[in-house]
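# Coordinate inspection notes
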Amino acid sequence: MKQGVVELALAGVCGVAAITGLATSQTRQPYDLTQIQFCPKSASDVESQIALDKRFCNQPRYVLTEEWQRYGLYGSIIPYKGDAIQWVRDLPTDNPNQLLGYGVAVIGLWGIVGCLLVRSQRLKRTDYELGELEKTGDYATWQQNKHKREVKQHSTQLYTERLKDGLSGLDTEERKALGLTDEENERAKARIQLEDFILARAVNNSVMDKTIAENLRDKAKADQERGKIEGKTKSAIANSDNHPLTDQRLISDLIEALKNHEDGWLWKVIDNQKPVWVLGEAGSGKSTLAASIVMLREYLFDMPLYQLIDAHAGENLRNAWRYLSPQLIAKTESEIGQAFDDARERWLDRINNQPDKRPQQLLVDEFTNYSESDITKEPAKKFVKASLSDPRKAEERLVCIAHFFTNTAVGGSDGTAKGRARGTIQIDRKTADGKTPLKVAIINGLNNAEGDAEVDKKVTIPSWLTPESIHKYFNGQPIDFDD
C-alpha cells in the first residue's frame, strides 16, 4: 500500500510540474507594454475624496512602451497634470523562462509515464503471484480431496452395480412368474454373457500383447542403431593393416569367410532365394541358425525382417531373437492364422503391384504345431503351398523352423513333398544330449554346379555362426574366422 501511495504521489508531483512548466512558458502579450497609473491630486482634503483617489489610483493602465517613450512620458501632452501619471513597470513581450518551462513540462510528463509504467508492472507481478498462490492452493486442495472423490466414485459405482443387479434379479423373478422365461433360459443367457466377456478380455489382451511387441520391436531397433553407432566409433579407431575397419570392409571379410567355408555352402544358402527350412530336435540349435541366417541377410543385403511368426515369441525375443528387429510379430493362434493369410495376399500384391519392391524377410517358428490347431491348420497348409513359388517373385526371403519335414510337421501340406524337396533348402541340425548342438548337419535342396539338388550332404556349422557373434562383429569386436 505504501509503495502505491508513493507512486501516485510522484505521478501527482510530476503532473503539477508539467502544468507549472507549461504555464510558465507562455508569452504575456504580443507587444511591449508599460504599466502606468493615473493618480491626480484632489483639490480638497475631504476624507471621502482621499479614499476615492486611492481607489482610482490603484487601477492599472497599459500603454505601448514605444508611445510612452516617444512622447516623453506624456509630459508634453498633458502638462497641467504634473506628476498625476506615474510609471509602474515595463512588460516585455519575450519570456526568458520559456525554454525552462518547456523542459519542466516535458520532464513532468515523462515522470508521469514512468510512474504509471512502474505501477502497472508491479500490479501485473502482484496479480501473477496471487494467481500462482491461488493455483497452488487449489491444487493442494484437489490433492487432499482426490482420495475422497475416488472413494465416493467407487462407492457410487458399487451402489449402481448392486442396484442394477437387484433390479435385474427382480425383473428376472417377475418374468419367471409370468412364464416369460425359465432357469434354463437364464443359464443360457449367463453363459453367452460369460463368453462375450472372455472374448472381450482376449481382445484386450491381444491389443496389449501387440503394444508390448511393438515396444520390444522399437527397443530392439534402437539398441541395434545404438550398437551400429558404437561399432562405427570403435572401428574408426581400430587400425588393421594400416587402414580403418569400415562397414564395407567388414561385409567383404564376412562374405569371404562364408565363401571359403567348405566350398561356400553357407554363402549359397545366404544368397539363395529358395525358402530355407531349419530342422532338428529340441536343443539342436535350430533357432540359433535361423536367426544367424536372418541377421546375415540383413547386414549383407540390407534386407529387413518384416514379420516374425512364433507362438513362443515372448520368450524367444529375450533369447534366440534378441538381436532381431521384426516390424510385425504374430504369436497367438488367431494372429498366426491371419499372418499366414496376409503373407499370401502380400506376396501377390508385391508381385502384381510393386515392381520396385525392396527385398525383405519372413521368419516362421514352431511350424510343427500349426497343423494341429483348427485356427491355423488351413492357413498354414495354404501358406506352405504358396511358399514354393510366390516368395521368390515377391522378393521375400522365407526362413521356417520345424522339428521334421513331414507333411504334418510342415503344416499338413499334403501333395507337396516333391515340390518341397526341390524347391526349398533343408538344413537338419543334430544334438547328442538334447542340450548342446553339434557342429555337423545334413543339408538338402542346395543345387550343385550342374543344377541338381544335392541330397543328404554333410556339412559343418562354424562356431562363430551365432547371432551374438554376428552382432558383436558389426559392433567393434572382430571374429576369428580361422578358429
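Just so it is clear, the model here is predicted, and its values are computed rather than measured. (Residues numbered from 1 in each chain as written. Predicted model: local features only at pLDDT ≥ 70, side-chain atom pairs only at ≥ 80, totals over all residues. Heavy atoms only, no water.)

## Notes on the packing of helix H10 (residues 333-353) against helix H11 (residues 377-387)
- Their axes nearest at 8 Å, the elements H10 and H11 cross at an angle of 30°. It follows from the interaxial angle that H10 and H11 lie roughly parallel. Note that H10 runs across H11; the crossing there is left-handed. On H11, the residues touching Gly337, Phe340, Asp341, Ala343, Arg344 and Trp347 of H10 are Pro379, Ala380, Lys382, Phe383, Ala386 and Ser387.
- The residue inventory of the contact of H10 with H11, partitioned by class, reads seven nonpolar, two polar and three charged. (Axes fitted to C-alpha atoms, helices over the stretch in contact; angles between N-to-C directions. Helix = DSSP H or I, 4+ residues; strand = E, 2+ residues; numbered from the N terminus. Parallel < 35°, antiparallel > 145°, perpendicular 65-115°, else oblique. Left-handed = near helix turned anticlockwise from the far one by under 90°. Contact = heavy atoms within 4.5 Å. Nonpolar A, V, L, I, M, F, W, Y, C, P; charged D, E, K, R; others polar.)

## Some thoughts on the sheet that holds strand S2 (residues 61-64)
- If you trace the three strands from one edge of the open sheet to the other, you get S2-S1-S3, paired in antiparallel fashion. Of all strands in the sheet, those with a lone pairing partner are S2 and strand S3 (85-91), marking the two edges. Sheet twist, expressed as the average angle between the axes of neighbouring strands with direction ignored, equals 35°.
- Across four bridges, the pairing between strand S1 (residues 33-38) and S2 is antiparallel. Within S2, the position partnered with Thr34 by the bridge is Val63. (Pairing = 2+ DSSP bridges.)

## Considering the pattern of salt bridges
- Considering all chains together, one arrives at 13 salt bridges under this definition.
- For Arg119, the salt bridge identified is with Glu7, shortest N-O distance 3.5 Å. You can see Arg119 sitting in helix H4 (residues 98-177) and its partner Glu7 sitting in helix H1 (residues 2-24), a full 112 residues away along the chain.
- Overall, the relative accessible area of 24% leaves Arg119 in the partly exposed class.
- With a closest N to O distance of 3.4 Å, Lys430 and Asp428 form a salt bridge.
- Using a relative accessible area of 32% as the deciding quantity, one classes Lys430 as partly exposed.
- If you follow the salt bridges from partner to partner, you end up with Glu7, Arg119 and Arg122 in one network. (Salt bridge = Lys/Arg side-chain N within 4 Å of Asp/Glu carboxyl O. Buried < 20%, exposed > 50% of the residue type's maximum accessible area, 1.4 Å probe, protein only.)

## What to know about the UniProt feature "transmembrane region" (unreviewed entry) in the protein chain
- Those places that UniProt annotates as "transmembrane region" (unreviewed entry) correspond, in this numbering, to residues 99-118.
- Taken end to end, residues 99-118 is 100% helix and 0% strand, and its first and last C-alpha atoms sit 29 Å apart. (UniProt positions renumbered as here; feature names shortened; annotations may be inferred.)

## Remarks on unusual backbone geometry
- Even without glycine at this site, Asp263 takes up a positive phi of about 65°.
- Assignment of secondary structure puts Asp263 in the loop between helix H6 (247-260) and helix H7 (265-271).
- Positioned with a positive phi, Asp456 is a non-glycine residue whose angle comes to about 50°.
- You can see Asp456 is positioned in the loop between strand S12 (437-444) and strand S13 (457-460).
- For Asp456, a relative accessible area of 52% translates into the label exposed.

## Focus on H4
- End to end, H4 covers 110 Å across 80 residues, agreeing with the expected 118 Å (1.5 Å per residue, within 8%).
- Asn145 marks where H4 bends most, by close to 40°.
- Those residues of H4 that sit buried are Gly101, Ala105, Gly108, Gly111, Cys115, Arg122 and Thr172.
- In the stretch just after H4, Gly179 is the one whose phi turns positive, near 80°. (Expected span 1.5 Å × (residues − 1). Bend = angle between axes of the 7 residues up to and from the residue.)

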